[in-house]
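Understanding the architecture of this molecule
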Amino acid sequence: MFRSSSQAFIALVLLASRFLAVHNAQAQVVISNNDGWATAQIRAQFDALTEKGYDAFLSAPALKQSGKGSYTTTPEVLTEPCQFDTCPVGSPPFGYNASDSRLNYVNAYPANAANYGVNVISPRFTNGHPPDLLVSGPDIGPNVGFLTQYSGTVGAASAASLQNIPAAAFSGVSGAQVSYTTLTSDPYANSTIAARIYSDLTVHFVGTLFEAIDIGLPIILPRAVIVNVNYGSIIGCGRPGDYKWVFARNRKDDSAVDALMCDDYLPTELEVLRSQGCYVSVSALDAETKTDVDAGTQALVMMKLHFLPWSCLE
Ligand SMILES: *[C@@H]1O[C@H](CO)[C@@H](O)[C@H](O)[C@H]1NC(C)=O
Ligand SMILES: *[C@@H]1O[C@H](CO)[C@@H](O)[C@H](O)[C@H]1NC(C)=O
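Notes on the structure in this doc start here. These numbers were taken from a predicted model, which means no experiment stands behind them.

Here we come to the overall build of the protein chain. If you tally the helices and strands in the protein chain, you get 8 helices and 9 strands. For 314 residues, the compact-globule estimate of 2.2 N^0.38 gives 20 Å, and the protein chain sits close to it at 18 Å. Principal-axis analysis of the C-alpha atoms gives the protein chain an extent of 60 × 40 × 35 Å. Across the 314 residues that make up the protein chain, the buried fraction comes to 56%. Contacts in the protein chain between residues at least 24 apart in sequence constitute 76% of all its contacts with a sequence separation of at least 6.

Structure, rendered in structure tokens:
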């Protein structure tokens, strides 16, 4: 599993310190997406992180904004109602839920919403401190291979990462573009089940990331590097514990030298999602190019996420 002795050593330190770790549950986490602030999936993620004790803030587009990549624009007054009628025509460019000001919309693109969450919303609640992490998604539909170039989910994570806020993008094969109200009105819908499973998996991921920092690996993620996570379908994978995590690469490249996980090369994100079984693909991407980083950086990200239930493709 470890290519170098230093990697093995750090893993040992991690293992030895595991039982001393203090849970960083008060960490500040901004949540953004591209599907819109009122979709079931982002609200389930907000609820799950909040229940786990994180200081979570939602800052996401007022409307569905797919395929916007890293575009930014000037947020504008609403000329149509917010998604699912959650605000009227004429609402301001930035708004929030009157009974929970942690729930914010921005009438612009995903990268705008991420920037607003990081630079305005989170500091407002935390004496001006920047957040510890930005979680983007989970997106409805996967973001693998060349799709990362156009993905607003990846764009939002990259925007935070380029401001030195650690960030990860999450996407899932299952789910539907439905209102957060369906989480309670329709608890057995596939969209609700997908939202619940994926948010649990994300909470596990986030906990693992903070566990590494608690025990002295000083940075959460290398600068300008994001983690791109894609969850397989929920069909036949009804519980979060069914999922196996596979480290992957974004692009196929037979000449690339990868950090060692299972084999001499990493499978692609697409190969992971196309495999039979309940898999999650995890890859380390450069926040500028939105494609693979070098082997040394992959190895660092693997170490940070050492305690996830890793697996090899069968
Ligand atoms: C605003 O928050 C309240 C209380 O949590 C909730 O009942 C309501 O559905 C929320 N509305 C929106 C649009 O977020
Ligand atoms: C959920 O998805 C499964 C598998 O596609 C399907 O058989 C089932 O009818 C769906 N259930 C609902 C409530 O839509």
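Quick look at unusual backbone geometry now. Gly-137 connects to Pro-138 through a cis peptide bond whose omega is 0°. Tracing the backbone through its elements, the reader meets Pro-138 in strand 5 (residues 133-140). Unlike most non-glycine residues, Ala-224 shows phi in positive territory, near 60°. Its location among the elements puts Ala-224 in the loop between helix 6 (190-214) and strand 7 (225-231). Even without a glycine there, the phi angle at Lys-290 is positive, about 60°. You can see Lys-290 is positioned in the loop between strand 9 (279-286) and helix 8 (295-304).

Before going further, it helps to spend a moment on helix 4 (residues 152-161). An α-helical segment advances 3.6 residues per turn. Residues three or four places apart therefore align on the same side. Among the 10 residues that make up helix 4, 10 are buried, leaving the element largely enclosed by the rest of the structure. Among the residues making up helix 4, those that are buried are Gly-152, Thr-153, Val-154, Gly-155, Ala-156, Ala-157, Ser-158, Ala-159, Ala-160 and Ser-161. In this structure, the buried side of helix 4 is in contact with strand 1 (28-32), helix 3 (110-125), strand 5, strand 6 (167-172) and strand 7.

All told, the structure shown has 6 salt bridges when counted by the stated rule. Residues Lys-64 and Asp-35 are paired through a salt bridge, measuring 3.7 Å at the closest nitrogen-oxygen approach. Residue Lys-64 is found in the loop between strand 2 (55-61) and strand 3 (94-97), and its partner Asp-35 is found in the loop between strand 1 and helix 2 (40-51); the two are separated by 29 residues along the sequence. Its relative accessible area of 44% is what places Lys-64 among the partly exposed residues. Between Asp-258 and Arg-249 there is a salt bridge, and its shortest N-O distance comes to 2.8 Å. The pair formed by Asp-258 and Arg-249 is uniform in burial state, with each residue classed as buried. Salt bridges sharing common partners tie together Arg-249, Asp-258 and Asp-292.

Moving on to the nonpolar core. Grouped together as the largest cluster of nonpolar side chains are 58 residues, with contacts concentrated most on Phe-205, Val-227, Tyr-243, Trp-245, Phe-247 and Leu-305. Examining the composition of this core, we find that 9 residues originate from one element, helix 6, more than from any other.

Counted by the stated rule, this structure contains 11 aromatic pairs. Both rings, one in Phe-205 and one in Trp-245, keep their centres 6.3 Å apart while their planes meet at 25°; by these two values the pair is stacked. One end of the pair, Phe-205, is in helix 6; the other, Trp-245, is in strand 8 (residues 244-247), and 40 residues separate them in sequence. The buried category is assigned to Trp-245, whose relative accessible area is 1%. By way of ring pairs, the aromatic residues Phe-170, Tyr-198, Phe-205, Tyr-231 and Trp-245 are connected into one cluster. For Arg-43, the ring lying beneath its charged end belongs to Trp-37, and the centroid distance is 4.8 Å. Positioned over the ring face of Phe-125 is Arg-102, at 5.0 Å from the centre of the ring.

The next subject is the pairing of strand 5. Put simply, side chains in a regular strand alternate between the two faces of the sheet. Most of strand 5 is tucked away, with 7 of its 8 residues classed as buried. Note that strand 1 and strand 5 share 4 bridges and pair parallel. Across the sheet, residue Ile-31 finds its bridge partner in strand 5, namely Val-135. Examined bridge by bridge, strand 5 and strand 6 share 5 bridges and lie parallel to one another. Residue pairing across strands places Leu-134 opposite Ala-167, the latter belonging to strand 6. With respect to chirality, the unit in which strand 5 leads through helix 4 into the neighbouring parallel strand 6 is right-handed.

What counts, and where the lines are drawn
- Residues take numbers from 1 onward in each chain, read along the sequence in its written order.
- Here the convention is simple: chains get letters from A, ligands get numbers from 1, in the order in which they are written.
- Only residues with pLDDT of 70 or above have their local features reported here, since the model is predicted, and side-chain atom pairs are shown and tallied only from 80 upward, although totals for entire chains, interfaces and linings are computed over all residues.
- The side-chain quantities take in all heavy atoms of the structure and omit both hydrogens and water.
- Numbering goes from the N terminus for both helices and strands, where a helix is a DSSP run of H or I of at least four residues and a strand is a run of E of at least two.
- With the radius of gyration taken over C-alpha atoms, the globule rule is written as 2.2 Å times the number of residues to the power 0.38.
- Relative accessibility thresholds used throughout: buried, under 20% of the residue-type maximum; exposed, over 50%; partly exposed, between the two (1.4 Å probe, protein chains only).
- Note on contacts: a residue pair is in contact if any heavy atoms of the two residues lie within 4.5 Å.
- Whenever Lys or Arg places a side-chain nitrogen within 4 Å of a carboxyl oxygen from Asp or Glu, that contact is recorded as a salt bridge.
- Residue types Ala, Val, Leu, Ile, Met, Phe, Trp, Tyr and Cys, when buried and joined through side-chain atoms within 4.5 Å, form a set referred to as a nonpolar core.
- Each aromatic pair joins two rings of Phe, Tyr and Trp (for Trp, the six-membered one) with centres within 6.5 Å, and gets the label stacked for planes under 30 degrees apart, edge-to-face for over 60, and tilted for any other angle.
- In this scheme, the term charge over a ring applies when either NZ of a lysine or CZ of an arginine sits within 6 Å of the ring centre and within 35 degrees of the ring normal.
- A pair of strands is treated as paired once DSSP finds two or more bridges between them.
- When the strands point away from the viewer, a crossover counts as right-handed if the path from the first strand over the helix to the second runs clockwise.

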